[in-house]
Amino acid sequence: MAPTEVEIQRQKEMQQAEELLFSGRQELGFAKGLFLGNFVADWVMPYPRLDSAKQAELETALADVREMLDRELDSNWIDRNADIPPNLIDGLARTGVLGMTAPREVGGRGFSQMQYCRILEEIGKRDASTSVFVNAHHSIGIRALILFGSREQQAEWLPGLVAGEKLAAFALTEREAGSDAANVRMTAMPNDDDSHYVLNGEKRYITNAAVSQVWTVMARTPVPGKPGKDAITAFLVTPDMPGVEMIEGRMPKLGIRGTATGRFRLNNVRVPKENILGPLGKGLRVALTVLDFGRTAFGACCTGAAKHCLQLAIEHANSRQQFKKTLGNFDLVKKKIARIAADVYAMEAMTNVTASLIDRGLEDYMIETAMLKVFTTERLWDAVNDAFQIHGGSAYFDDNPLGRMLRDARINQIGEGSNEVLTSFIALVGMRGPGMEFKEIYDTMMSFSVNRVGKAWSAGMNRLGATVRTPSVPVQSAELRGFAGQLGRLIWRFNVAVNRALVVYREPVLDMQLIQERIAGAATELFASTCVLSRWDSELQSRGRNGETHPLDFTAPEYFLRKSNRHARELLAKLNDNDDRVLLAAADAALKKG
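Source: prediction; values computed, not measured.

J.: Explain the pattern of salt bridges to me, and be specific about the residues and the numbers.
T.: A full pass over the atoms with the stated rule returns 28 salt bridges. Among the ionic pairs, Glu-348 bridges to Lys-307, the shortest N-O distance being 3.3 Å. Here the residue Glu-348 occupies a position in helix 10 (residues 331-359), and Lys-307 occupies one in helix 9 (residues 283-319), the gap between them amounting to 41 residues. One salt bridge in this structure joins Asp-343 and Arg-379, with 3.0 Å as the shortest N-O distance. Taken together, the residues Asp-343 in helix 10 and Arg-379 in helix 11 (residues 366-391) connect sequence positions 36 residues apart. Arg-379 shares its class with Asp-343; the two are buried. Taken together, the shared-partner salt bridges in this structure form one network comprising Arg-118, Glu-121, Lys-307, Glu-348, Arg-535 and Glu-539.

Written as structure tokens, this is what we have:
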């Protein structure tokens, strides 16, 4: 039977995804290991720590940044005036924040991703507009130049950018392209002698667009030698080029009002071929690689903001009295504070572990950065909501920072890949490993070939081995062996559930987002629990080494592990016991009425 048009389109989309996400050398990373029933310990244990020299360097930088922020940053002014003042930008440049991870030879600080995340956490604790501004300039703005720029491009563009003389923006989003990054419609056509490309199209929701002097712009270019085929290429564009039209420099927004979020159009803009960033036609890989760094920084910014929420909640709970008791004496208030404290511990642990994957030069950590982004943005939203509720009616007035934080935090679940898209990405990319093994077995059974028997046997043994083997989670502290055993058993249970979903649903699982959501949610909880356990183990091992006189408090990680494990089990149980059919029917009925 000939394939239908829908099946042909699906095969085309899957082939494009294969080319984009799975080209090159593939190592078994931690997240992919979970889906195969493995615990890839060396990616997460021992817990990453900076060496003494880098830690000292970081502490000096933090002291400078804190002093500058105390003097120059006024969150209420930024929110009220919808602007980040020049004196603050100058301070960020002067303290090296705008070029933290850039090479020293171009004026940068040469910081690692872990060091940079710690700086962003401090900024995120104080003001979301400023942290987004820095993230847009550095994490996704100049990062593309650092990673993909030629030596000549870096020498020309980076010195001014890291010094703050120029600012950067990353222009991907369009009317039809956002989380669907591959749907870029802006075109870039070569001129007759291939010396220039002529760009046409519109970009919107671009952070820093109106205040920056260097844009990384994604546009579709023809594929040489393949008429009718095109691919996305990254270009360095400056707003002073003829044909650049700034339609709206500062689009009014609900939150992060200080950032200049703009919309611009390119009308026959001639860009020299020397401004192509990275290989021709590989712009989507440039974009997705850069977004990995941005999502890691997202985790740091959200962690800082959640720590501020915890501080505000504790201060109010200890001072506000109702019914002759402080709020902190009521169990429902304690529940909220415990939840924030546990999540903050996990957010910080996940951010450090994920940043360390980048610093160690490991490859293919796209699932981990997606998990980090989804987890930290969702938990920050919960933290703001809980702190808001503890403050009660007072949080609703403009003299309380929680109103601004509530508005600022909402964009996090949308920016740099919506959480819904990333949730499906986590599940589908994660399931690819075991899915390919099952496919090898099935194809061999359906069409026997001597050449395939070996691969099918190996795949079968892998699936069987994961089914009968509980992975070991190596911890050094005897106190944590019980939690380590629970985590190992939960990974085994997760693998069995993934295998069952692949066998029962087969290819249709690619469209079953409610199933994907539970699988991705459980995998994210496993990653979060692993990071917490790794950090807790490290802190237990370091007791007494640094002259501590007071016993360390480990109630937050214990509570997190307990609630995380319970949530993961609930998600896996709902793979078989759920109301999906009725849910979808109710939604379809409502959509038809609309």
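J.: Please give an account of the pairing of strand 1 (residues 168-171) that cites residues and values.
T.: Burial of strand 1 is two-sided: the residues Ala-168 and Phe-170 facing one way and the residues Ala-169 and Ala-171 facing the other way are all buried. Where strand 1 and strand 4 (residues 214-222) come together, four bridges link them in parallel fashion. Residue pairing across strands places Ala-171 opposite Val-217, the latter belonging to strand 4.

J.: Could you give me a rundown of the side chain of Asn-183, with the residues and numbers involved?
T.: Among the structural elements, Asn-183 can be located in the loop between strand 1 and strand 2 (187-190). Separated by 2.8 Å, the side chain of Asn-183 and the backbone oxygen of Glu-176 make a polar contact. Setting aside its immediate chain neighbours within four residues, Asn-183 contacts Glu-176, Ala-177 and Arg-220.

J.: Kindly report on the packing of helix 6 (residues 113-126) against helix 9, identifying the contributing residues and their values.
T.: The interhelical angle for the contact between helix 6 and helix 9, taken along N-to-C directions, is 40°, at an axis separation of 7 Å. Here helix 6 lies oblique to helix 9, going by the angle between them. As for how helix 6 packs across helix 9, the hand of that crossing is right-handed. Contact residues: Gln-113, Tyr-116, Cys-117, Leu-120, Glu-121, Gly-124 and Lys-125 in helix 6; Phe-293, Thr-296, Ala-297, Ala-300, Cys-301, Thr-303, Gly-304, Ala-305, Lys-307 and His-308 in helix 9.

Procedures and definitions
Counting starts from 1 at the beginning of each chain's written sequence and moves along it residue by residue. The predicted origin of the model limits local features to residues at a pLDDT of at least 70 and limits the giving and counting of side-chain atom pairs to 80 or more, whereas totals for whole chains, interfaces and linings rest on all residues. Side-chain metrics rest on all non-hydrogen atoms present in the structure, leaving aside hydrogens and water. We count a salt bridge whenever a side-chain nitrogen from Lys or Arg sits within 4 Å of a carboxyl oxygen from Asp or Glu. Numbering goes from the N terminus for both helices and strands, where a helix is a DSSP run of H or I of at least four residues and a strand is a run of E of at least two. Between buried and exposed lies partly exposed: a residue is buried under 20% and exposed over 50% of the maximum accessible area for its type, with that area taken using a 1.4 Å probe on protein chains only. At least two bridges found by DSSP between two strands is the condition for calling them paired. We define a polar contact as two N or O atoms separated by no more than 3.5 Å, with the added condition that, inside protein, one atom must be a possible hydrogen donor and the other a possible acceptor, whereas residues neighbouring each other in sequence contribute only through side-chain atom pairs. Contacts are residue-level and defined by heavy atoms, with any inter-residue pair within 4.5 Å sufficient. Throughout, an axis means a line fitted to C-alpha atoms (over the contacting stretch in the case of helices), and angles, computed between N-to-C directions, take values from 0 to 180 degrees. Every angle not falling under 35 degrees, over 145, or within 65 to 115 is termed oblique; those three ranges are roughly parallel, roughly antiparallel and roughly perpendicular. Left-handed describes a crossing whose near helix is turned anticlockwise from the far helix by less than a right angle; the clockwise case is right-handed.

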